[in-house]
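Here is how the chains run, residue by residue.
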Amino acid sequence: MFDAYMINTWLGGTLVAVVAGVVGFFVVIRGSSFAAHALPLSAFPGAAAASLLGIDPLIGLLVFSALGILGISQLTRLGRSDIATALTLAMLLGLGALFLSRTTEYFQAIYALLFGEILGISLAALGTVAALGAVCLIAVAVLFRPLLLSSVSPDLCEARGVSGAWMEIGFLSIVGLATTMALPVVGALLVFSLMVGPASAARAFTDHPVKAMLLSASLSAGTVWIAIALSYQFDLPIGFFVGAISAISYGVGRLRARRAGRSPDPGLVSVRRVEIGRS
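Residues numbered from 1 in each chain as written. Predicted model: local features only at pLDDT ≥ 70, side-chain atom pairs only at ≥ 80, totals over all residues. Heavy atoms only, no water.

> What is the right way to read the pattern of salt bridges from this model?
Under the definition given, this model contains two salt bridges. When the shortest N-O distance is used, the salt bridge between E168 and R30 registers 2.6 Å. A residue pair is termed long-range when its members are at least 10 positions apart, and E168 in helix α9 (residues 164-205) and R30 in the loop between α1 (7-29) and α2 (33-43) qualify at 138 residues. Residue classification places E168 among the partly exposed residues on the basis of a relative accessible area of 23%. (Salt bridge = Lys/Arg side-chain N within 4 Å of Asp/Glu carboxyl O. Helix = DSSP H or I, 4+ residues; strand = E, 2+ residues; numbered from the N terminus. Buried < 20%, exposed > 50% of the residue type's maximum accessible area, 1.4 Å probe, protein only.)

See below:
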């Protein structure tokens, strides 16, 4: 389990989990789980396009993440965000189907991008994950206070001179960057589990934004560590354990919230707590 060839697995999984936990906090309080699910799925066809063009798949992931962000943000101005997200996802997946129809060499990589290759992370890939993860965490730190305020009180955010539209683009950009970083490691489906499950559970234990974010990152890392250990021990797909543990953590969090008399909605954070989050 701790052999030399597994070191990159533990490191890569931990990096992805921490970033997913931090970003997942904002996904939950903004009620943007659908967007967090759609962006990874809409980004992975970019790797198919990159394969056709003979360029680095990471470039394709970044480009399609950007297209997803632009599509969701622009269409949201015309109507409901869930409809905008669904239309953007359908459009990009349609393009992905077109790209895949033009090649017979990419089908093996589809599984990897959907479910990840956490047991086969190279040193070069680990460096890329670390660099993108650092950028993502720095962006969260820089935008933390305005992003938090726009999440819980858009009107107050606008009153303080912070554009809610720009904050939405900033939020989607952070999610897109986290998606690009995580896709080659844990896949489009598992990164969604890591963003939503641990963050929802963390919100059930504390209303303090910073504490909830740190707890979310810790739970997400713990989920990946347990999943790697169980996958190694029982020779079963790591995705099964990640999804199951994330669901269990969410359920435990909901039970804890009810017993403590907290709101069952993990997205609710009071403005007073936003002010506390400054300190």
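Moving on from the coordinates now.
> Help me understand the packing of aromatic side chains in this model?
The description of two aromatic rings rests on the distance between their centres and on the angle between their planes. Tallying each qualifying case throughout the model produces four aromatic pairs. Where F26 meets F144, the ring centres are 5.9 Å apart and the plane angle is 75 degrees; that geometry is what we call edge-to-face. Of this pair, F26 sits in helix α1 while F144 is found in helix α7 (residues 123-152), placing the two residues 118 residues apart along the sequence. For F26, a relative accessible area of 2% corresponds to the buried category. According to the relative accessible area criterion, F144 is buried, its value standing at 11%. With centroids separated by 5.9 Å and ring planes inclined at 70 degrees, the aromatic side chains of F64 and F99 adopt a geometry described as edge-to-face. With F64 in helix α4 (residues 57-76) and F99 in helix α5 (residues 81-101), this pair connects stretches of sequence that are 35 residues apart. The two residues F64 and F99 agree in class, both being buried. (Phe/Tyr/Trp six-rings, centres within 6.5 Å; stacked < 30°, edge-to-face > 60°.)

> Where do I start with the environment of L75 in this structure?
Take L75: it is sitting in helix α4. Taking the relative accessible area as the measure of exposure, L75 reaches 32% and is therefore partly exposed. Sequence-distant contacts of L75, defined by excluding residues within four places in its chain, comprise A84, L87 and T88. (Contact = heavy atoms within 4.5 Å.)

> Is there a simple way to think about the nonpolar core in this case?
Across soluble globular proteins, nonpolar side chains show a tendency to be buried alongside one another. Among the nonpolar cores identified, the biggest contains 54 residues, and V16, V23, F26, V27, I118, V186 and M195 are the most heavily contacted of them. For this core, the elements supplying multiple residues, two or more each, are α1, α2, α4, α7, α9, α10 (209-234) and α11 (238-260). With 16 residues, the top contributor of residues to this core is α9. Judged by nonpolar contacts, the second largest core, of ten residues, contains A38, L41, A43 and L183. (Core = buried A, V, L, I, M, F, W, Y, C linked by side-chain atoms within 4.5 Å.)

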